[in-house]
Amino acid sequence: MSNPAKPEVVVTRWWWVRHAPVRNDGGNIYGQTDIACDTGDREVFEAVAKILPRQAVWVASSLMRTHQTAEAIWATGFPRPAAMPHEAAFAEQHLGQWQGMNRAAFLASRPVGSHWFAGIDEPAPGGESFMDLYNRTCSAIDRLNLEHAGKDVIAVGHGGTIKAAVGLALGGLPEKGLAFDIDNCSVTRLDHFASSGKSIWRLPMVNQQ
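As the structure is a computational prediction, the values presented were derived from the model and not from experiment.

(A) Structural view of the packing of helix H4 (residues 130–147) against helix H5 (residues 159–169). Viewed as axis vectors pointing N to C, H4 and H5 meet at an angle of 70°, and their least axial separation amounts to 9 Å. Taken together, the axis directions place H4 and H5 in an arrangement best described as roughly perpendicular. In the packing of H4 onto H5, the handedness of the crossing is right-handed. Contacts between H4 and H5 involve Phe130, Leu133, Tyr134, Thr137, Cys138 and Ile141 on the former and, on the latter, Gly160, Thr161, Lys163, Ala164, Ala165, Gly167 and Leu168. Looking at the contact of H4 with H5, its residues break down into eight nonpolar, four polar and one charged.

(B) Quick look at the packing of aromatic side chains. If you walk through the whole model with that rule in mind, you get nine aromatic pairs. Ring geometry for tryptophan 116 and phenylalanine 117: centres 5.2 Å apart, planes at 75°, overall edge-to-face. As far as burial versus exposure is concerned, tryptophan 116 and phenylalanine 117 are alike and both buried. Aromatic side chains tryptophan 116 and phenylalanine 130 sit 5.8 Å apart centroid to centroid with 70° between the ring planes, which places their arrangement in the edge-to-face category. Remark: phenylalanine 130 occurs in helix H4 and tryptophan 116 occurs in the loop between helix H3 (103–108) and H4; sequence separation between them is 14 residues.

(C) The arrangement of the packing of helix H1 (residues 42–51) against helix H2 (residues 64–74) in detail. The geometry of H1 relative to H2 is characterised by a closest axis approach of 8 Å and an angle of 80° between their N-to-C directions. As summarised for this structure, H1 and H2 are arranged roughly perpendicular, according to the angle between their axes. Residues Phe45, Val48 and Ala49 of H1 pack against Thr69, Ala72 and Ile73 of H2. Looking at the contact of H1 with H2 residue by residue, the classes come out as five nonpolar, one polar and no charged.

(D) Representation of H2 in the model. In terms of residue burial, H2 counts as a mostly covered element, since eight of its eleven residues are buried. Among the residues of H2, those classed as buried are Arg65, Thr66, His67, Thr69, Ala70, Ala72, Ile73 and Trp74. Taken together, the buried residues of H2 touch strand E1 (10–18), H1, strand E2 (57–61), strand E3 (86–87) and strand E4 (152–157).

(E) Examining unusual backbone geometry more closely. The backbone of cysteine 185 shows a phi angle near 65°, a positive value even though the residue is not glycine. Turning to its location among the elements, cysteine 185 is positioned in the loop between helix H6 (174–177) and strand E5 (187–195). A positive phi angle is found at serine 196, which is not glycine, with a value near 50°. Judged by its relative accessible area of 62%, serine 196 falls in the exposed class.

(F) The pairing of E2, seen in detail. With five of five residues buried, E2 lies mostly within the body of the structure. Neither face of E2 is left uncovered, since the one carrying Val57, Val59 and Ser61 and the one carrying Trp58 and Ala60 both have all their residues buried. Bridge count between E2 and E3: two bridges; the pairing is parallel. When the sheet's bridge partners are listed, serine 61 is paired in E3 with glutamate 87. Between the parallel pair E2 and E3, the chain is carried across by H2, and the sense of this crossover is right-handed.

Conventions adopted
- Residues numbered from 1 in each chain as written.
- Predicted model: local features only at pLDDT ≥ 70, side-chain atom pairs only at ≥ 80, totals over all residues.
- Heavy atoms only, no water.
- Axes fitted to C-alpha atoms, helices over the stretch in contact; angles between N-to-C directions.
- Helix = DSSP H or I, 4+ residues; strand = E, 2+ residues; numbered from the N terminus.
- Parallel < 35°, antiparallel > 145°, perpendicular 65-115°, else oblique.
- Left-handed = near helix turned anticlockwise from the far one by under 90°.
- Contact = heavy atoms within 4.5 Å.
- Nonpolar A, V, L, I, M, F, W, Y, C, P; charged D, E, K, R; others polar.
- Phe/Tyr/Trp six-rings, centres within 6.5 Å; stacked < 30°, edge-to-face > 60°.
- Buried < 20%, exposed > 50% of the residue type's maximum accessible area, 1.4 Å probe, protein only.
- Pairing = 2+ DSSP bridges.
- Right-handed = clockwise from strand over helix to strand, strands pointing away.

Below you can see the structure in the form of structure tokens.
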């Protein structure tokens, strides 16, 4: 018998998958450039498929590399969902005029010790800051937590998006999320606990290879 004095706790489990590696960027920054990824290593996607829950809601960013990554997972025999909405809020940071610049040369020109392309509040010229990415990512997560409360959510996203989600789970500290490595085709699981207007996060798994 349930205890009426004990509030119900609803757990929504997020399974973040970073897209497969991009090989045709020429060593340049691509950000929100809609560039394809390499899904040729079937063994990698078979390994990812073994981790993910079968009964889940799927969502991906609006960029093709996340859709291609999802297709590669389904191609292993993983059950294809009836739908996979494309969330523009989960797209990578728009790096504006930095997109197309040589990545190594750009990073060498930045302050030593930076975890990202720029400080979290510094917008790329003609683009957005990491905080802009963080805020839109968090808003979408809050909305989907309500829509899919108590379910498993598989979200195929980007390094920046997943770092933002980790920062949210660490108590709303985006700069802490930037300290984590998020590799291509890695799985990061973040569990959201909601009860009586309160919520907390748990981080069971980050950057699982």
